[in-house]
Amino acid sequence: MKKKKVFKYISSFVLLATLVISMITPKSFAAVNGDGTDEINEQYKDKLSLQPLAPAFSVKTLLKWSPANDPDSELDRASVPLNKKRFKGHQINPLANPKAGITSAAITLTNHDQSSPVGSNDFNVYAFDNWQLLDSYIYWAGTDEGIFAIPSPDIVDAAHRNGVPVYATLGFPWGSGSPEALAEIQAFTQQASDGSFPVADKMIEIAKYYGFDGYFFNQETSGVNKETAVRMNEMMRYAKRKSDIRFSWYDAQDNNGNINYQNAVNSKNDMYVTPAEDGVYGVDEFFLNYNWGVSQINTTVSTMKSHNRDPFDAYAGFEVQQNSYNTSINTNALLDEKGQPKVSIALYAPNSTMGLARNPSDFHEKETYFWTGPQGDPSKADDSAKWKGMARFVTDSSVIQNLPFTTNFNSGHGKQYFTDGKVVSTQEWNNRSIQDIMPTWRWWIRGEGSRINASYDFDHAYNGGNSLKLSGPLAANSSNDVMLYSTKLSITKSTKIKVVYQNQSDADVSLGVAYGEDYAADKMKYYVLPKSDESGWQTAVIDLKEDAGKTAYALSLKVSNSKELKDYSIHLGQLSVYDSKEPSLAAPRDAAVAEKMLHDAFTAEARINWSKQENVLEYEVYQQNADGVKTFIGATPNNYFYTPNISRSIENASADNITKLYIVPVNQNYERGKAAVVDFDWGMGTDATEIDPNPPSANVALHAQVTGVSAENDAEPASKALDGTAANNSKWCATNKQSGYMSIDIGEPKTIRRWRVEHAQYGGEAQNMNTVDFELQYKNKNGEWVSAKRITGNDKAVTDVILDQPITANEFKLQIYNSGTSPWGAIRIYEWQMFESDGLPRTENIMMHFVTAENNKGEQDKVFLDRVKKGQIVRLYKSLKSTEVLAEKQADQDGSVTFDNLDFGPDAGRIYYTVQDPDTRESLKYSVAYVSEKVMSVINQIKALPDVKDLTLADKHIVNDAKVAYNKLHPTERKQVTNYDRLVQAIERMKELQKGNY
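Everything numeric here is computed off the predicted structure, so don't read it as measured data.

Asker: Would you mind showing me how to read empty space enclosed by the protein here?
Answerer: The method is simple in principle: a probe with the dimensions of a water molecule rolls over the atoms, and the space it marks as empty is what remains. Here the structure, examined in full by the defined rule, presents seven cavities of 30 Å³ or more. Leu133, Pro378, Ala391, Asp396 and Trp441 are the residues nearest the centre of the largest cavity, which is lined by 17 residues in total. In the lining of the largest cavity, the residues fall into six nonpolar, nine polar and two charged.

Rendered as structure tokens:
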């Protein structure tokens with residue numbers, strides 16, 4: 001992709017205004033009108049990847065957009081409509097206010113302009129699932145493409161399944177308005193002579209097409225006048241008159257157009273919540289800046305009421321990016337005399353829980369602390385600790401009131417994938433589109449004796465990536481009723497509940513149903529599940545016909561034990577409530593590989609599509625090679641699918657180089673239908689590319705013990721520089737620090753030869769945030785810190801060097817002398833890695849579809865390589881195992897390299913090539929196929945024909961000669977004539993000319 005990797009994070013800023021913490025749009029320094037192209041996905045256009053990207057626009061590209069000119073349009077559409085049957089059940093925490101809500105502005109993708117919006121091969125992702133406590137979700141992102149960042153479909157699907165609307169980010173640049181920024185605002189608010197707003201009309205169209213619900217306005221560009229501010233407000237009213245679109249507004253631009261943070265809704269910024277004469281107002285949700293207190297909250301309440309607006313349409317901002325739940329917030333200022341909040345809550349960057357988590361599994365534990373509170377029970381969340389979980393302020397919501405309802409407790413990511421309890425892929429994954437509705441309460445457990453622990457278990461699952469695990473030491477005579485779901489399910493004579501579980505036989509386990517609206521214990525009914533000593537999954541089906549006519553208001557799982565249990569556990573894999581079986585699904589029709597791209601002879605990506613079916617929850621896609629093993633490669637609720645996971649090996653490749661793809665529909669009861677089968681044709685054997693015989697050694701600093709650190713942000717600790725990933729803002733960051741250090745112990749002495757550091761730009765931030773001056777030190781036998789290598793004057797995203805001398809030690813220090821030249825000073829280290837081998841990574845080879853070969857007569861053969869970089873050396877080899885260089889050239893500029901005067905011989909075959917950067921190892925050998933001289937002769941003969949429009953009857957002999965030459969080829973050779981269509985057009989044109997002459 002041509003775009004720079006740039007992503008600006010609040011945690012990395014020096015807040016120049018001492019009191020005002022403003023909501024600065026990521027990438028706000030990028031060109032407001034985009035990157036200079038109209039391309040939505042440069043990487044796709046440049047034939048570098050088939051991976052889709054979530055859309056992003058400037059005003060210009062927004063107005064020009066249509067699905068026809070968006071290559072990712074079908075893949076980027078949300079598949080799950082917003083569930084509008086959301087309800088609030090009985091209030092379980094008296095401190096919460098059922099009128100209050102929460103909106104969340106979270107960094108959903110690592111980088112909007114590069115990350116896959118349809119899932120990826122990474123367990124570590126913001127797999128948010130506490131939807132029951134949200135009013136709305138703001139897809140917080142910046143983009144190099146302009147001011148509009150459109151939500152990825154995976155997060156929209158997950159939110160909609162839970163009844164939560166999702167807003168795109170509309171981010172105008174922060175700071176003094178440049179002429180370009182102000183011109184973009186003028187273009188944005190342009191009003192036609194008929195009173196319409198062209199951009200608003202297009203915003204409605206875009207939201208409807210992609211399936212999201214509204215826009216979050218983050219207007220922080222200074223220099224806007226009052227007339228424009230008024231027009232912007234009227235533009236929102238116009239859109240709301242024409243559609244059901246929603247708008248969320250950040251407290252920055254005031255009524256006069258000035259950037260003037262009020263930390264309240266008051267007379268200076270109330271225009272946006274004021275209804276017009278017809279009752280229509282512009283802003284649905286008003287996101288207050290962060291420095292509010294009692295007076296600002298009271299003013300907000302009174303101002304909202306004066307405009308006949310609900311005070312809970314105002315959301316008090318909590319800025320939690322740097323320190324997550326360690327942030328100090330004066331929540332008492334929100335409370336009324338009953339101890340309940342007077343307004344709603346807006347969270348900025350609650351994804352910071354990822355920074356506190358030791359790993360993706362631990363992320364969910366940190367999420368429980370953030371959302372439920374330190375008590376770990378939403379019914380008990382209170383003000384006794386510094387951090388008050390969100391369950392202390394708002395009540396939970398649910399959408400479970402229609403049958404069937406099925407959950408596998410799948411949180412939307414995992415380190416492997418399970419189907420009916422069996423591992424069908426060992427590849428890490430994430431895809432929030434297939435996240436189930438997760439438990440309403442985390443964790444509301446009623447009982448006596450020892451409290452059981454509830455958590456997600458990513459080592460055991462029935463379908464998806466995890467199960468629900470209840471475990472722990474239990475004292476004798478303990479009872480734990482784990483309240484799982486708030487529901488409103490009408491029970492009929494045919495209603496059944498299926499429970500799939502793994503259970504130790506030492507406790508009594510029952511499925512609980514609350515038939516009282518207040519979940520009262522005396523109105524709970526329990527259905528005993530059979531005990532089992534078996535280690536596998538078992539299924540129990542409960543018939544509720546005796547309770548027909550009742551309403552089930554909650555579902556629970558109760559564990560009771562009479563004797564002490566030191567290590568008890570039960571896994572809940574699936575819970576399904578249904579009236580009847582869903583119809584069996586037929587195989588999807590019209591399944592086809594729409595596009596494919598080979599990275600080498602063993603790995604490929606593809607776009608696949610099929611006709612949409614009714615009553616399908618999702619589709620699972622599997623691949624099968626010659627070994628007969630079906631391996632899961634992805635799932636989607638969409639009928640358009642992208643996968644980077646098509647693969648084979650030397651051992652399992654089929655003789656015909658075909659990998660079978662199976663598209664399996666899954667219904668609402670999670671029963672699988674018949675599969676559609678599609679061939680993926682590799683078009684080459686496994687000898688077409690080389691396998692690395694000596695890959696780089698392992699990173700010995702991975703998960704090393706941090707023994708010291710000069711400073712770190714709570715949610716961006718030093719340990720994040722040792723976790724093996726730069727994704728999802730995983731870095732060591734120390735705000736406002738120009739210098740500092742972190743030291744580690746790798747456990748035992750190792751001899752280090754290679755040292756790698758990934759700086760800010762590698763993680764998506766600005767180049768001037770890269771570490772400038774830094775040093776690797778080691779502790780010698782005398783306990784002294786000694787320099788191994790110092791780097792000065794760095795401006796690169798990655799430092800990857802071979803040490804001058806190998807260093808043997810087990811304690812090392814990364815010393816930072818100058819953390820960067822950005823005015824927003826901070827230490828930013830995404831990864832610190834060390835290796836025992838002295839082999840730098842190999843140069844990345846040119847993709848095979850950028851290379852062509854011509855097999856002409858004699859020594860006239862040619863090889864063309866595109867996308868070669870200046871300074872790279874290109875080499876040709878006759879075979880995969882050959883070490884003798886056939887030809888070699890060094891590129892004197894970016895572009896193409898051509899080899900002439902080669903002789904491949906008369907027959908078809910492959911020519912192998914490598915490239916090498918000056919400071920890295922030679923790439924692996926790739927190859928390009930060439931046809932036989934005979935086939936090439938026919939191709940050239942057709943190529944030499946005049947253009948169809950220039951053909952005359954005098955050309956009939958050369959057209960006929962080409963036709964005869966083509967027909968003389970063997971049928972398998974005819975398929976290799978790449979310009980056959982041109983011959984067909986020429987033949988048809990000659991027929992037309994002959995008819996006209998006759």
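Asker: Before we go on, may I ask you to explain the sheet that holds strand β24 (residues 524-528) in this structure?
Answerer: A sheet is described by the order of its strands in space; here five strands give the open sequence β18-β21-β26-β23-β24, paired in antiparallel fashion. The two strands at the open ends of the sheet, each matched to only one other strand, are β18 (444-448) and β24. Averaged over all adjacent pairs, the angle separating strand axes in this sheet is 30 degrees, with direction ignored. Looking at chain direction, strand β21 (residues 478-490) and strand β26 (residues 551-561) are connected through 10 bridges and run antiparallel. Opposite Leu489, over in β26, you have Ala552 as the bridge partner.

Asker: Hey, could you run me through the packing of helix α5 (residues 198-210) against helix α6 (residues 226-242) in this one?
Answerer: In contact at an axis separation of 9 Å, α5 and α6 are set at 45 degrees when each is read in the N-to-C sense. When the axis of α5 is compared with that of α6, the two are oblique. Crossing of α5 over α6 shows right-handed handedness. From α5, Val199, Ala200, Asp201, Met203 and Ile204 reach across to α6, where they touch Met235, Tyr238, Ala239 and Lys242.

Asker: Explain the environment of Ser532 here, please?
Answerer: You can see Ser532 is positioned in the loop between β24 and β25 (538-543). Sequence spacing of Ser532 and Ile329 is 203 residues, and the spatial spacing of their C-alpha atoms is 49 Å.

Asker: What is the right way to read the pairing of strand β48 (residues 909-916) from this model?
Answerer: Walk down a regular strand and you will see the side chains alternate between the two sheet faces. Most of β48 is tucked away, with six of its eight residues classed as buried. In this sheet, β48 lies alongside strand β45 (residues 873-877) in antiparallel orientation, the contact comprising five bridges. The partner of Arg875 across the bridge, within β48, is Thr914. The pairing of β48 with strand β49 (residues 926-930) spans five bridges and is antiparallel. Paired with Tyr913 across the strands is Tyr926, a residue of β49.

Asker: Could you clarify how one ought to interpret the confidence of the model for the protein chain in this entry?
Answerer: Low-pLDDT portions of the prediction should not be read for the details of their coordinates. Mean pLDDT for the protein chain: 94, with 97% of residues reaching 70 or above. A low-confidence stretch, residues 1-30 stays under pLDDT 50, and its non-local contacts, those more than four residues away or across chains, total 130 contacts.

Asker: What's the story with the environment of Thr303 in this structure? I'm lost.
Answerer: Within the element layout of this structure, Thr303 appears in helix α7 (residues 294-306). Separated by 665 residues in the primary sequence, Thr303 and Lys968 place their C-alpha atoms 86 Å from one another. Non-local contacts of Thr303, meaning those with residues more than four positions away in its chain, are made with Val265, Asn266 and Asp270.

Asker: So what exactly am I meant to see when it comes to unusual backbone geometry here?
Answerer: Most peptide bonds are trans, and most residues other than glycine sit at a negative phi. The omega torsion of the bond from Leu403 to Pro404 falls at 0 degrees, within 30 degrees of zero and hence cis. Inspection of the secondary structure assignment puts Pro404 in the loop between β12 (397-398) and β13 (405-407). The linkage connecting Arg442 with the following residue, Trp443, adopts the cis geometry, with an omega of -10 degrees. Among the structural elements, Trp443 can be located in the loop between β17 (429-430) and β18.

Asker: How should the side chain of Lys388 be read in this particular structure?
Answerer: As for its position among the elements, Lys388 is in the loop between α9 (360-372) and β12. Buried and unpaired, Lys388 has no salt bridge, with Asp383 as the nearest side chain of opposite charge at 5.0 Å. A polar contact is formed between the side chain of Lys388 and the backbone oxygen of Lys386, at a distance of 3.5 Å. In this view, Lys388 contacts Thr331, Asp382, Asp383 and Phe393; residues no more than four positions away in its chain are not counted.

Asker: Looking at this structure, how should I read the pattern of salt bridges?
Answerer: Side chains bearing opposite charge may pair, as long as their charged atoms lie close to each other. Taken as a whole and assessed by the stated rule, the structure comprises 50 salt bridges. Note that Lys525 is salt-bridged to Glu546, the shortest N-O span being 4.0 Å. In this pair, Lys525 sits in strand β24 while Glu546 sits in the loop between β25 and β26, placing the two residues 21 residues apart along the sequence. We classify Lys525 as partly exposed; its relative accessible area is 27%. In this structure, the salt-bridge partner of Glu811 is Lys779, at a minimum N-O distance of 3.5 Å. With a gap of 32 residues between them, Glu811 in strand β40 (residues 798-818) and Lys779 in strand β38 (residues 773-779) connect regions that are remote in the sequence. Overall, Lys779 belongs to the partly exposed group, its relative accessible area being 26%. A single salt-bridge network, built from bridges that share partners, covers Glu234, Arg237, Arg241 and Asp278.

Asker: What exactly am I supposed to notice about the packing of helix α4 (residues 179-188) against α6 here?
Answerer: Each pair of packed helices can be described by the angle between their axes along with the distance between the axes. Interhelical geometry of α4 versus α6 gives an angle of 40 degrees and a closest axis separation of 10 Å. Taken together, α4 and α6 sit at an angle that is classed as oblique. Handedness of the α4/α6 crossing: left-handed. Packed against α4, whose contacting residues are Ile185, Gln186 and Phe188, the element α6 presents Thr228, Arg231, Met232 and Met235 at the interface. Here the residues of the contact of α4 with α6 sort into four nonpolar, two polar and one charged.

Asker: What is the right way to read α9 from this model?
Answerer: Since the α-helix turns once every 3.6 residues, residues separated by three or four places project in the same direction. Taking 1.5 Å of rise per residue, the 13 residues of α9 would be expected to cover 18 Å, and the 18 Å separating its terminal C-alpha atoms lies within 8% of that figure. If you check which residues of α9 are buried, you get Pro360, Asp362, Phe363, His364, Lys366, Glu367, Thr368, Phe370, Trp371 and Thr372. Close packing links the buried residues of α9 with β3 (102-106), β11 (344-348), α8 (353-356), β14 (413-414) and β19 (453-457). The backbone nitrogen of Ser361 lies 3.0 Å from a side-chain oxygen of the residue at the head of α9, namely Asn359.

Parameters at a glance
Residues numbered from 1 in each chain as written. Predicted model: local features only at pLDDT ≥ 70, side-chain atom pairs only at ≥ 80, totals over all residues. Heavy atoms only, no water. 1 Å grid on protein atoms, 1.4 Å probe; cavity = no way out; pocket = protein on both sides within 12 Å on 5 of 7 lines; lining within 4 Å. Points joined across faces, edges and corners; volume = space filled by probe spheres on them. Nonpolar A, V, L, I, M, F, W, Y, C, P; charged D, E, K, R; others polar. Pairing = 2+ DSSP bridges. Helix = DSSP H or I, 4+ residues; strand = E, 2+ residues; numbered from the N terminus. Axes fitted to C-alpha atoms, helices over the stretch in contact; angles between N-to-C directions. Parallel < 35°, antiparallel > 145°, perpendicular 65-115°, else oblique. Left-handed = near helix turned anticlockwise from the far one by under 90°. Contact = heavy atoms within 4.5 Å. Buried < 20%, exposed > 50% of the residue type's maximum accessible area, 1.4 Å probe, protein only. pLDDT = per-residue confidence, 0-100. Lys, Arg positive; Asp, Glu negative; His and termini not counted. Salt bridge = Lys/Arg side-chain N within 4 Å of Asp/Glu carboxyl O. Polar contact = N/O pair within 3.5 Å; in protein donor to acceptor, adjacent residues only side chain to side chain. Expected span 1.5 Å × (residues − 1).

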